[in-house]
Protein chains: 2
Amino acid sequence: MEFSRRISALKPSAIREILKAPADSETISLAAGNPSPEAFPAAEMAAVAAEIFASGAASALQYGISEGYQPLRERTLERARRVCGVGGDGDELIITSGGQQVVELAAKTLLNDGDTVICEDPSFIGALNALRSYSAKLVGVPCNGAGMDMDGLERALREHPEAKLIYTIPTFQNPAGEVMPLASRKRLLELASQHNVMVLEDDPYRDLRYGGEGVPAVKALDGEGRVIYAGSFSKIIAPGIRLGFALAPSALIAKMTAAKQVSDVHSNLFFQVLVERYMASYDIEAHVARCRSLYRARRDAMDAALKRHMPEAGWVLPEGGLFLWVNLPGGEDGVEFCRRAKEKKVMAVPGSAFLCDEGGFSSAIRLNFSLPSIEQIETGVARLGETLREM
Amino acid sequence: MEFSRRISALKPSAIREILKAPADSETISLAAGNPSPEAFPAAEMAAVAAEIFASGAASALQYGISEGYQPLRERTLERARRVCGVGGDGDELIITSGGQQVVELAAKTLLNDGDTVICEDPSFIGALNALRSYSAKLVGVPCNGAGMDMDGLERALREHPEAKLIYTIPTFQNPAGEVMPLASRKRLLELASQHNVMVLEDDPYRDLRYGGEGVPAVKALDGEGRVIYAGSFSKIIAPGIRLGFALAPSALIAKMTAAKQVSDVHSNLFFQVLVERYMASYDIEAHVARCRSLYRARRDAMDAALKRHMPEAGWVLPEGGLFLWVNLPGGEDGVEFCRRAKEKKVMAVPGSAFLCDEGGFSSAIRLNFSLPSIEQIETGVARLGETLREM
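Conventions adopted
Residues numbered from 1 in each chain as written. Chains lettered and ligands numbered in written order. Predicted model: local features only at pLDDT ≥ 70, side-chain atom pairs only at ≥ 80, totals over all residues. Heavy atoms only, no water. Helix = DSSP H or I, 4+ residues; strand = E, 2+ residues; numbered from the N terminus. Rg over C-alpha atoms; globule rule 2.2 N^0.38 Å. Buried < 20%, exposed > 50% of the residue type's maximum accessible area, 1.4 Å probe, protein only. Contact = heavy atoms within 4.5 Å. Pairing = 2+ DSSP bridges. Buried area = accessible area lost by both parts, 1.4 Å probe. Salt bridge = Lys/Arg side-chain N within 4 Å of Asp/Glu carboxyl O. Polar contact = N/O pair within 3.5 Å; in protein donor to acceptor, adjacent residues only side chain to side chain. Least-squares fit on C-alpha atoms with pLDDT ≥ 70 in both. Right-handed = clockwise from strand over helix to strand, strands pointing away. Axes fitted to C-alpha atoms, helices over the stretch in contact; angles between N-to-C directions.

1. Examining the overall build of chain A
Secondary structure assignment for chain A yields 14 helices and twelve strands. For chain A, the C-alpha radius of gyration of 21 Å lies close to 21 Å, the compact-globule estimate for 391 residues. Projected onto its principal axes, the C-alpha coordinates of chain A cover approximately 60 × 55 × 55 Å. The proportion of buried residues among the 391 residues of chain A is 63%. Of all intrachain contacts in chain A linking residues separated by at least 6 positions in sequence, the fraction that spans at least 24 positions is 77%.

As structure tokens, then:
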């Protein structure tokens, strides 16, 4: 059996593999990317689910159209306009099976084998692997504390005139936690325009801001129909339902819809109906505000624990998102650190897992503060401190 | 904006487009591929959903693993072994977002651009388009009343030594409704072995047999790990939940899982839990038997209506599935017939929509008998007869 070239090199995501590891009840995981179950509006979802079944679930259980459930498309677009300022006249919105599927569909729709994609380095593994799965050549531009470095981007575009796409997570970047400032967002669009490349803006964390001033989405600044915007319900409703959305120029959305049709026909329709009714019946902004309080407290607890247990490490308090990016103080190898940490019953993800160069070295680690409790954060970080002192 | 070569040529499925057409309450659709809402176990699903929410839905709403919910994988494999005789020692099963995703993942995993795939001609549009979306070259082998013609397959394999994959729906073929007999299934495997090609067996209709003798799945006859088996919950539970499964040699499943991970991370977890609990708590075989009775009556009603209203047309009563394939008696153009039928307020799908050659001619039409009521079948077929008489 011979595999396709595009898939031969693809490795399963290190993070997903971690989820599969047998759970040891004493091990504290700071390695996940999961939202907290306390942040799921489960009681409200239960009520809406019961309502859908009671009023005849036939159409929610039947085949639907690939673009998604029309009332959810409209309500999602309304919220995207109101909250993110995205969704202009030439744009269309489709419902996808999570934000992940937007990356997959954009890659399939835009890239030929071997095409160059410029990304932040480090970046989200799931997206990098989606791009790799279409044989993209990844060119990494470092983050400089304020998202993708724009001088680095300019250089990369000059050196790679064949580049087709820029992939960016400008707000609470995963894993680095950084926010790209307004001036950089404008420059990114200017550079994209000069070099005629498309931009894929992955924005699943936007709602989870715990401090500082909001910055407009890159998509909101785009006057040329150059930005594909990926949104997600995973962090504000629940990830297990696999719902997100793509917002992009309508000609591109038409092709992405054709690609989605052959991929999964449409996303789970029952939960599309459920999320629409949830948004219609409850105050989602109040719910998101509660998520923010929950996560703000955990972020602050992690910051305090780091100050107590490994003050010599380097990190910047992220203004939002789910992650804290920590540079080990003596340039220690992140992989070796995480291996030893696991022996001390705490899990983190080595920074090298997020690099464009899969064999690259990083002395950083990514810590998640959304899933563990405040108590687990305190204990987990103490164990990390212990690991560090013994290295 | 420039699209990838693979996606540039891809057209949205004609059938899906029909679903989007504004509904005219007087028009009867015999054009769908939908199961009947009466065949959804909605009351039982409601009870299970309430139970999941009541017992704490946190894990059903959280991220899961790409392979699928382990208890559902096990229960699905148990049923696949018991009912279909598939799932041997070297095989593994993963849960997918409908049977459609199995075709997508198999294509992505096995095919390089321009690789040849041999299919029945006509065949299922969704699968043909999934193959096309990876730039596959489709070579059609006609159905001869008993599924794919084996002499035709042998010729095609000889003429296309570069072929990588055979795509087949051997049981209640969509659209032709035919069943490939045991001898042909064995010969198909021998030919695949001789020419070293893989086989993708798409088997969503197996449970819906209304008469005649069951025939083993091709996968059940496979001694070489050459067959990828695509199963679906769409026709026995509900399609809107988007759940199916892939059963294949474990090395291939590992690659398909990596491809699934970058596509949608995993399938809707809540409904994976729900279907598992449904299968654990209720008698799914009794439910499937009820679906069979419902559809058998509709199939027979359509057969009777055809005998009454267009006896000069040619068709064979299918032993199962959702479709009746009708050859127009005077070689009339199926597209023109369906256009005129729509004016008479009845919809059917022209046979040409299912051809490997997208511009090909067919004087057949596909009729669906699972969705319309017996009354609608009678009226709809009467309108088709009227259309025929006026051509």
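2. Concerning the sheet that holds strand β12 (residues 364-368) of chain A
All names here are of chain A. Taken together, the three strands give an open sheet; going across it, the order is β9-β12-β11, and neighbouring strands pair in antiparallel fashion. The open sheet has two edge strands with one neighbour each: β9 (323-327) and β11 (349-350). Relative to β12, β9 runs antiparallel, the two sharing five bridges. Bridge pairing links Asn327 to Ala364 in β12.

3. A word on the interface of chain B and chain A
Residue-level contacts link 76 residues of chain B with 76 residues of chain A. For the pairing of chain B and chain A, the buried interface totals around 6,400 Å² over both sides, and the portion due to carbon and sulfur atoms is 59%. If you look at where chain B meets chain A, you find four salt bridges. A salt bridge links Glu104 of chain A to Lys108 of chain B; the nearest nitrogen and oxygen atoms lie 3.1 Å apart. Put simply, chain B and chain A have 37 residue pairs in polar contact (both at pLDDT 80 or more) between them. Taken together, the elements giving at least two residues each to the side of chain B that touches chain A come down to α1 (5-8), α2 (14-20), α3 (42-54), α4 (58-61), α6 (98-110), α7 (125-132), α10 (250-264) and α11 (269-281) of chain B.

4. Let's talk about the relation of the copies chain B and chain A
With an RMSD of 0.0 Å, chain B superimposes on chain A once it is rotated by 180° and translated 0.0 Å along the axis. Both copies are brought into coincidence by an operation consistent with a two-fold rotation axis. The residues that chain B uses at the interface reappear at the interface of chain A in 100% of cases, marking a shared surface.

5. Comments concerning the pairing of strand β6 (residues 198-202) of chain B
Residues and elements named next belong to chain B. Buried residues dominate β6, accounting for five of its five residues. Burial along β6 is two-sided: Met198, Leu200 and Asp202 and Val199 and Glu201, pointing in opposite directions, are all buried. Pairing analysis gives four bridges linking strand β5 (residues 163-168) to β6, with the strands arranged parallel. Each bridged residue has a counterpart across the sheet, and for Ile166 the counterpart in β6 is Val199. A crossover connection joins β5 to the parallel β6 through helix α9 (residues 182-195); in handedness this β-α-β unit is right-handed. Where β6 and strand β7 (residues 227-232) come together, four bridges link them in parallel fashion. Its bridge partner lying in β7, Val199 is registered against Val227.

6. Some thoughts on the sheet that holds β5 of chain B
Residue and element names in this part refer to chain B. Taken in spatial order, the seven strands line up as β2-β8-β7-β6-β5-β3-β4 in an open sheet, and their pairing is mixed. Each edge of the open sheet is held by one strand with a lone partner, namely β2 (91-96) and β4 (137-142). Sheet twist, expressed as the average angle between the axes of neighbouring strands with direction ignored, equals 20°. Of the strand pairs in this sheet, β7 and strand β8 (residues 244-249) are connected by four bridges, and their pairing is antiparallel.

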